[in-house]
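Structure assessment
The residues making up each chain are set out below.
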Amino acid sequence: MILVTGGAGFIGANFVLDWLAQSQEPIVNLDKLTYAGNRENLAELEGDARHAFVRGDIGDSALVAALLARHRPRAIVHFAAESHVDRSILGPEEFIQTNVIGTFRLLEAARHYWQALPAPEKAAFRFLHVSTDEVYGTLASDAPAFSETNAYEPNSPYSASKAASDHLVRAWAHTYGLPVLTTNCSNNYGPYHFPEKLIPLMIVNALAGKTLPVYGDGQQVRDWLYVKDHCSAIRRVLEAGAPGQTYNVGGCNERANIDIVRTVCALLDELRPRADGQRYAAQIGFVKDRPGHDRRYAIDARKIERELGWRPAETFETGIRKTVQWYLDHPDWVARVQSGAYREWVHKQYVES
Ligand code: NAD
């Protein structure tokens, strides 16, 4: 049994689905179901006794303690977070609440549970914290990629809150001996990605005939990893990572945002041509840059490759094709997640500001 937090979100849901496709080991899935959490992502697990879904907050110490006592997991895989940089700029409070205080409370609950375990289970227990490459700040265009020893220089409220949570996790290992593992991963893309993030936003807007809003000059560079490859890295770290260690995870796929948008447009031209014969790229529109926008992130993933033998299965070309196809095949999912909270957010982001 493992406890997953945030398993109804983008990466968490992919992780839960992949885990149960490959293993009989059950999962307790604790998720608050914020705007980003969606039970529908897990619809295929309806009635599956290996998956227990609990709606609740990682900051609810009594609830987490009760779940740990009842299910006695051998590991916690911690995805739950507020995850969108733009939202963190408009309203940082939730980011501090969940990413910092929530992680602190989860660590405390995990520590008390772990300390009371009998020796063999205590030795086997792991707390795996899922984090981001954004904690390292921004890179010059010619600087080497981020390795695990880079200094933390977070620039946005989101990355600062994740950096704070990474530090708490580290301290709980150093001070209390909690057997933690941390992964710092680059940008993910793939199925179930909420359409506020770059790739799904572009696909959804393109198909709706709307503008494809590209920040600034579109030359911000990110490393991209197909979400299933991130999930396989997390499974590998959980299985073989050394307690106390951090592992950078990335796809060695550095791309400028504008090139990502053009790639999505070209795939849509091929897979779902516009009725009027025009190219989707005609919908690209440059908008005011995000404040404090980091120019470049790049991940050096050699440690996890060397020490744990992990490699991504997808190239960017195969992963992005699968992703665009998934969105074309799931219009109902897109329509449902775009209702309610999503509409309010788009209004705030693109109309009010
Ligand atoms: P997401 O926003 O899609 O999902 C987050 C999930 O956490 C949602 O289901 C939400 O309901 C849940 N949640 C939020 N606050 C909660 C709380 N207080 N208690 C319980 N559940 C809560 O995020 P994601 O993109 O799937 O990211 C998951 C994790 O991976 C995050 O920690 C993020 O920092 C990290 N990460 C993301 C990326 C990326 O590209 N998306 C890259 C590297 C690391």
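Below: a short report on this structure. (Residues numbered from 1 in each chain as written. Predicted model: local features only at pLDDT ≥ 70, side-chain atom pairs only at ≥ 80, totals over all residues. Heavy atoms only, no water.)

Across the five residues of strand β2 (residues 27–31), five count as buried, placing the element largely inside the fold. Burial along β2 is two-sided: the face carrying Ile27, Asn29 and Asp31 and the face carrying Val28 and Leu30 are both buried. Both strand β1 (residues 2–5) and β2 contribute to a ladder of four bridges, which runs parallel. Looking across to β2, one finds that Val4 is bridged to Asn29. What joins β1 to β2 is helix α1 (residues 10–22), and the crossover it makes is right-handed. (Buried < 20%, exposed > 50% of the residue type's maximum accessible area, 1.4 Å probe, protein only. Helix = DSSP H or I, 4+ residues; strand = E, 2+ residues; numbered from the N terminus. Pairing = 2+ DSSP bridges. Right-handed = clockwise from strand over helix to strand, strands pointing away.)

What the three strands build is an open sheet, ordered β7-β9-β11; its pairing is mixed. For this open sheet the edge positions go to β7 (187–189) and β11 (254–256), each flanked by a neighbour on one side alone. Between one strand axis and the next, the sheet turns by 50° as a mean value, whatever way the strands run. Relative to strand β9 (residues 221–226), β7 is paired through three bridges, and the arrangement is parallel. Across the sheet, residue Asn187 finds its bridge partner in β9, namely Trp224. (Axes fitted to C-alpha atoms, helices over the stretch in contact; angles between N-to-C directions.)

Further remarks concern the sheet that holds β2. Strand order across the open sheet formed by seven strands is β3-β2-β1-β4-β5-β6-β10, with parallel pairing between neighbours. Strand pairing shows two members of the sheet lacking a second neighbour, β3 (51–55) and β10 (246–249), which therefore form its edges. The sheet shows a mean angle of 20° between the axes of neighbouring strands, direction not considered. Judged from the six bridges that link them, strand β5 (residues 126–132) and strand β6 (residues 180–185) form a sheet pairing that is parallel. Its bridge partner being in β6, Leu128 is matched across the sheet by Leu181.

Here helix α2 (residues 61–71) crosses helix α4 (residues 93–115) at 35°, and the two axes come no closer than 9 Å. Our pair here, α2 against α4, has a crossing hand that is right-handed. Between α2, through Ser61, Val64 and Leu68, and α4, the contact on the second element is made entirely by Arg105, Leu106, Ala109, Ala110 and Tyr113. Of the residues contributing to the contact of α2 with α4, the split by class is six nonpolar, one polar and one charged. (Left-handed = near helix turned anticlockwise from the far one by under 90°. Contact = heavy atoms within 4.5 Å. Nonpolar A, V, L, I, M, F, W, Y, C, P; charged D, E, K, R; others polar.)

With 13 residues, α1 should reach 18 Å at 1.5 Å per residue; the first-to-last C-alpha distance of 19 Å fits that figure. Where burial is concerned, most of α1 is hidden: 11 out of the 13 residues are buried. Residues of α1 that are buried sit in contact with β1, β2, β3, β4 (75–78), β7 and α8 (227–240). (Expected span 1.5 Å × (residues − 1).)

This part is about the nonpolar core. Inside soluble globular proteins, nonpolar side chains tend to come together where they are buried. Ranked by size, the top nonpolar core spans 70 residues in total, and within it Phe15, Val77 and Ile304 carry the most contacts. At eight residues, α1 tops the list of elements feeding residues into this core. If sequence neighbours within four positions are ignored, Phe15 has contacts with Ile2, Val4, Val77, Phe79, Cys231, Ile234 and Arg235. If you look at the next biggest cluster of nonpolar residues, it comprises 24 residues, including Leu30, Leu117, Trp172 and Ala173. (Core = buried A, V, L, I, M, F, W, Y, C linked by side-chain atoms within 4.5 Å.)

Looking now at the pattern of salt bridges. Counted under the stated rule, the structure contains 21 salt bridges. What you see here is one network of salt bridges that share partners, running through Lys32, Asp57 and Glu94. (Salt bridge = Lys/Arg side-chain N within 4 Å of Asp/Glu carboxyl O.)

Let us now look at the packing of aromatic side chains. Tallied over the entire structure, the rule returns 18 aromatic pairs. In this structure an aromatic cluster arises from ring pairing among Tyr136, Phe146, Tyr152 and Tyr297. The aromatic ring of Tyr35 is capped on one face by Arg87, whose charged end is 3.4 Å from the ring centroid. The ring of Tyr176 is capped by Arg111, whose NZ or CZ atom sits 3.9 Å from the centre of that ring. (Phe/Tyr/Trp six-rings, centres within 6.5 Å; stacked < 30°, edge-to-face > 60°. Lys NZ or Arg CZ within 6 Å of the ring centre and 35° of its normal.)

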